[in-house]
Amino acid sequence: MIPAVGFDLDMTLIDSRPGIRAAYRALTERTGVFVDADLVVTRLGPPLRTELSHWFPAEDVEAAVTTYRGLYPEFAIKPSVPTAGAVEALAAVRSAGLRVVVVTSKLGRLARLHLDHLGMRFDELAGDLFAEGKASALVEHGVRWYVGDHVADMTAARTAGVPGIGVATGPCSEPELRAAGATYVLSDLTAFPALLDEIAVGSEPWR
């Protein structure tokens, strides 16, 4: 298996805030339960059920999950855009002869809609995973470095025994990512190609 670079999705490869905001507003309209969409998009990363549990009674969370996911393709895909440097970061992985693996807490079929809409090529996609839960997918798909914006992504990398590369484009600051165990921290993905050159050259990780 050719080794891979793993990426989180929301606020790592894509800025999904506009679309997620729209989807939550649609959820409020559909259910009559107020969800502060502006607040929600400041803390993306944890699983959907975790967020919905702040707004819905426990007995209604699963129904809210189903409703939200039904609304998601219509409202959340088109408004979302790549983060700064994301397209170039994926190209750099390809140029290095490595594979692209996306491991996200988002449901896999919804993550695929984002990636396909934006023309972001990937080799493997694993969804509905968070924190330590991502580690098994990282190991299974031969990920050598994992890139993410959340402290939970650094936990995933650490659990899988690979370096975590933090990007401060989401809810977690550079100091928070370092404290969570990030081996490298970038302000955004524009610096990733240079970092990949530095950490991959000479190591021949694909042999």
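Let me sum up the structure you'll find in this document. (Residues numbered from 1 in each chain as written. Predicted model: local features only at pLDDT ≥ 70, side-chain atom pairs only at ≥ 80, totals over all residues. Heavy atoms only, no water.)

Concerning the layout of surface pockets
Part 1: Counted as a void, the largest pocket has a volume near 340 Å³.
Part 2: Taken together, 22 residues form the lining of the largest pocket, with Tyr24, Pro46, Pro47, Leu48 and Ser105 sitting closest to its centre.
Part 3: Within the residue set of the lining of the largest pocket, elements represented by two or more residues are α1 (17-31), α3 (48-52) and α4 (61-75).
Part 4: If one sorts the elements of the lining of the largest pocket by residue count, α3 sits on top with four residues. (1 Å grid on protein atoms, 1.4 Å probe; cavity = no way out; pocket = protein on both sides within 12 Å on 5 of 7 lines; lining within 4 Å. Points joined across faces, edges and corners; volume = space filled by probe spheres on them. Helix = DSSP H or I, 4+ residues; strand = E, 2+ residues; numbered from the N terminus.)

Comments concerning the nonpolar core
Part 1: Residues Val5, Phe7, Leu13, Leu189, Phe192 and Leu196 are the most contacted members of the largest nonpolar core, which totals 30 residues.
Part 2: Elements represented by at least two residues in this core include exactly β1 (4-7), α5 (86-95), β4 (99-103), α6 (108-117), β6 (143-148), β7 (164-167) and α10 (192-200).
Part 3: In this structure, Ala37, Val41, Tyr68 and Leu107 belong to the second largest nonpolar core, which totals 24 residues. (Core = buried A, V, L, I, M, F, W, Y, C linked by side-chain atoms within 4.5 Å. Buried < 20%, exposed > 50% of the residue type's maximum accessible area, 1.4 Å probe, protein only.)

A closer look at the packing of α5 against α10
How two helices sit against one another is set out by the angle between their axes and by the gap between those axes.
Part 1: Contact geometry of α5 with α10 gives a least axis separation of 8 Å together with a crossing angle of 25°. The orientation of α5 relative to α10 falls into the category roughly parallel. Between α5 and α10 the crossing geometry is right-handed. Residue-level inspection shows Glu88, Ala89, Ala92 and Val93 of α5 in contact with α10, the latter providing Phe192, Pro193 and Leu196.
Part 2: Broken down by class, the residue content of the contact of α5 with α10 amounts to six nonpolar, no polar and one charged. (Axes fitted to C-alpha atoms, helices over the stretch in contact; angles between N-to-C directions. Parallel < 35°, antiparallel > 145°, perpendicular 65-115°, else oblique. Left-handed = near helix turned anticlockwise from the far one by under 90°. Contact = heavy atoms within 4.5 Å. Nonpolar A, V, L, I, M, F, W, Y, C, P; charged D, E, K, R; others polar.)

Considerations on the side chain of Lys106
Part 1: Tracing the backbone through its elements, the reader meets Lys106 in the loop between β4 and α6.
Part 2: On the accessibility criterion, Lys106 (10% relative accessible area) is buried.
Part 3: A polar atom in the side chain of Lys106 sits 3.1 Å from the side chain of Asp10.
Part 4: Once residues within four sequence positions are removed from consideration, Lys106 is found in contact with Leu9, Asp10, Ile20, Tyr72, Ala111, His114, Gly127 and Asp128. (Polar contact = N/O pair within 3.5 Å; in protein donor to acceptor, adjacent residues only side chain to side chain.)

Overview of the packing of α1 against α4
Part 1: Running from amino to carboxyl end, α1 crosses α4 at an angle of 130°, the nearest separation of the two axes being 9 Å. The angle between α1 and α4 falls in the class oblique. In this structure, the crossing between α1 and α4 has a hand that is right-handed. Of α4, the residues touching α1 (which contributes Gly19, Ile20, Ala22, Ala23, Tyr24, Ala26, Leu27, Arg30 and Thr31) are Ala64, Thr67, Tyr68, Leu71, Tyr72 and Phe75.
Part 2: A class-by-class count of the residues in the contact of α1 with α4 yields 11 nonpolar, three polar and one charged.

Examining α6
Part 1: Taken as a whole, α6 has its buried residues at Leu110, Ala111, His114 and Leu115. Down the axis of α6, the sector holding all buried residues measures 140°, keeping them to one side.
Part 2: Of the residues trailing α6, Gly119 is marked for its positive phi of about 65°. (Arc of directions from axis to C-beta.)

Observations concerning unusual backbone geometry
Part 1: Backbone geometry at Asp128 places phi at a positive 60°, although glycine is not the residue there.
Part 2: Take Asp128: it is sitting in the loop between β5 (124-126) and α7 (135-140).
Part 3: The backbone of Ala131 shows a phi angle near 50°, a positive value even though the residue is not glycine.

Here we look at the pairing of β7
Walk down a regular strand and you will see the side chains alternate between the two sheet faces.
Part 1: Judged by which residues are buried, β7 turns out to be covered on both faces: Gly164 and Gly166 on one side and Ile165 and Val167 on the other are all buried.
Part 2: Pairing geometry for β6 and β7, over three bridges, is parallel. Each bridged residue has a counterpart across the sheet, and for Val147 the counterpart in β7 is Ile165.
Part 3: After leaving β6, the chain enters helix α8 (residues 151-160) and then returns to the sheet as β7, a path that is right-handed.
Part 4: Pairing geometry for β7 and strand β8 (residues 184-186), over three bridges, is parallel. Residue pairing across strands places Gly166 opposite Val185, the latter belonging to β8.
Part 5: Read from β7 through helix α9 (residues 174-179) to β8, the crossover connection turns out right-handed. (Pairing = 2+ DSSP bridges. Right-handed = clockwise from strand over helix to strand, strands pointing away.)

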